[in-house]
Amino acid sequence: MSAAVDVVVVAFRSESVIGACLERAFAIPNVGKVVVVDNGDGASAVLARQMGAIAIEHVNSGFGSGQNAGVALTDAPYVLLLNPDALVEPDAIASGVRRLDAQPSVAAVQGVIVNRTTGALERSHGRPLGAVHLVGRAVGARRAMQSPLVRAAARRIPGLTDSVDRAPSVDTLTDSLAATAVVVRRAAFDAVGGFDERYFLYGEDIDLCR
């Protein structure tokens, strides 16, 4: 059986966390190649090779550039773009692959992202950050969101629903996904030329989704 999904991890001095990341990656059902692109000092690449991953040392020209270099070494129909400090649920990745198989018009999928330190859900999908989000951060709206009344009111404000309901109860179409742990359809990724390498870090995932 051919591999359903390959994995690309872009690392930067990530040797303290990448081992746990790769253990989860290798546990993904029907996984193929696991590629580590080391944008740092090479230590992550050494560890990755010891664990059986393909590893390359790459001039640090940014996250997107590293992902593009890694994806070029893979050949499965789907690719998991993964941060080195992320711990995926292997069966969740398999579920995402099945979703892409079932809906050819969908280019990428992602599950809920949970902050390991706080246990809180991250805002990992939705509309690109706009003025209403920035104002909310400036006034400390996250604390206010703990109130059921405030959350109910925020759901009525266009552009804030994704900040309130960070774990949708059903599959949800969305404008953008964070590149923390996102499964992309290779054909779609290739069709747009991968990540725009003019972005060094941050914003490249929003641009890719657009």
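Cut-offs and rules
Residues numbered from 1 in each chain as written. Predicted model: local features only at pLDDT ≥ 70, side-chain atom pairs only at ≥ 80, totals over all residues. Heavy atoms only, no water. Helix = DSSP H or I, 4+ residues; strand = E, 2+ residues; numbered from the N terminus. Buried < 20%, exposed > 50% of the residue type's maximum accessible area, 1.4 Å probe, protein only. Contact = heavy atoms within 4.5 Å. Areas by Shrake-Rupley, 256 points an atom, 1.4 Å probe, with all protein chains shown as cover. Salt bridge = Lys/Arg side-chain N within 4 Å of Asp/Glu carboxyl O. Phe/Tyr/Trp six-rings, centres within 6.5 Å; stacked < 30°, edge-to-face > 60°. Core = buried A, V, L, I, M, F, W, Y, C linked by side-chain atoms within 4.5 Å. Polar contact = N/O pair within 3.5 Å; in protein donor to acceptor, adjacent residues only side chain to side chain. Pairing = 2+ DSSP bridges.

**Q** How do you make sense of the overall build of the protein chain when you look at a structure like this?
**A** Tallying secondary structure elements over the protein chain gives 10 helices and 8 strands in all. Looking at the 210 residues of the protein chain, the share that counts as buried comes to 42%. The contacts of the protein chain with a sequence gap of at least 6 include a subset with a gap of at least 24, amounting to 71%. Carbon and sulfur atoms form 56% of the exposed surface of the protein chain, whose accessible area is close to 11,300 Å².

**Q** Explanation requested: the pattern of salt bridges in the structure shown.
**A** In a structure, side chains of opposite charge can pair up when their charged atoms sit close to one another. Taken as a whole and judged by the stated rule, the model has 2 salt bridges. In this structure, the salt-bridge partner of Asp75 is Lys33, at a minimum N-O distance of 3.2 Å. With Asp75 in the loop between helix H3 (63-71) and strand E4 (78-82) and Lys33 in strand E2 (residues 31-38), the pair connects residues that are 42 residues apart, well separated along the chain. The exposed category is assigned to Asp75, whose relative accessible area is 53%. Between Arg198 and Asp196 there is a salt bridge, with the nearest N and O atoms lying 2.6 Å from each other. Exposure remark for Asp196: the relative accessible area of 18% places this residue in the buried category.

**Q** Could you clarify how one ought to interpret the packing of aromatic side chains in this entry?
**A** Following the criterion strictly, the structure yields 2 aromatic pairs and no others. Relative to Phe195, the ring of Phe63 has its centre 5.9 Å away and its plane inclined at 70°; by these criteria the two rings are edge-to-face. With a gap of 132 residues between them, Phe63 in helix H3 and Phe195 in the loop between helix H9 (186-191) and helix H10 (204-209) connect regions that are remote in the sequence. Assigned by exposure class, Phe63 and Phe195 land together as buried. Ring geometry for Phe189 and Phe195: centres 5.8 Å apart, planes at 75°, overall edge-to-face. The residues Phe189 and Phe195 share a single accessibility class, namely buried. One aromatic cluster in this structure is built from Phe63, Phe189 and Phe195.

**Q** It is not clear to me how the nonpolar core should be interpreted in this structure. Could you clarify?
**A** If you look at soluble globular proteins, the nonpolar side chains tend to sit buried side by side. One finds Val7, Val9, Leu22, Val36, Leu80, Leu82 and Val183 to be the most contacted residues of the largest nonpolar core, which totals 28 residues. Breaking this core down by element, the ones donating at least two residues are strand E1 (5-11), helix H1 (18-26), E2, helix H2 (43-50), E4, helix H4 (90-102) and strand E8 (181-185). Core analysis: the second largest hydrophobic core is formed by 15 residues, Val35, Val37, Leu177 and Ala179 among them.

**Q** What exactly am I supposed to notice about unusual backbone geometry here?
**A** One non-glycine residue, Arg13, adopts positive backbone phi at about 50°. The class for Arg13 is exposed, based on a relative accessible area of 56%. Positioned with a positive phi, Asn30 is a non-glycine residue whose angle comes to about 60°. Checked against the element boundaries, Asn30 lands in the loop between H1 and E2. Residue classification places Asn30 among the partly exposed residues on the basis of a relative accessible area of 32%.

**Q** What am I meant to see in the side chain of Gln110 here?
**A** Among the structural elements, Gln110 can be located in the loop between strand E5 (108-109) and strand E6 (125-126). Here the side chain of Gln110 touches Ala178 through a polar contact of 2.5 Å, landing on its backbone oxygen. From its side chain, Gln110 meets the backbone oxygen of Ala181 in a polar contact 3.3 Å long.

**Q** Looking at this model, I keep getting lost on the pairing of E4. Mind explaining?
**A** Within a regular strand, side chains alternate between the sheet's two faces. Counting buried positions along E4 yields 5 of 5 residues, so the element is predominantly enclosed. Here E1 pairs with E4 via 5 bridges, running parallel. Bridge pairing in E4 links Asp6 to Val79. Strand direction decides the pairing type here: E4 and E8, joined by 5 bridges, are antiparallel. Within E8, the residue paired with Tyr78 across the bridge is Arg185.

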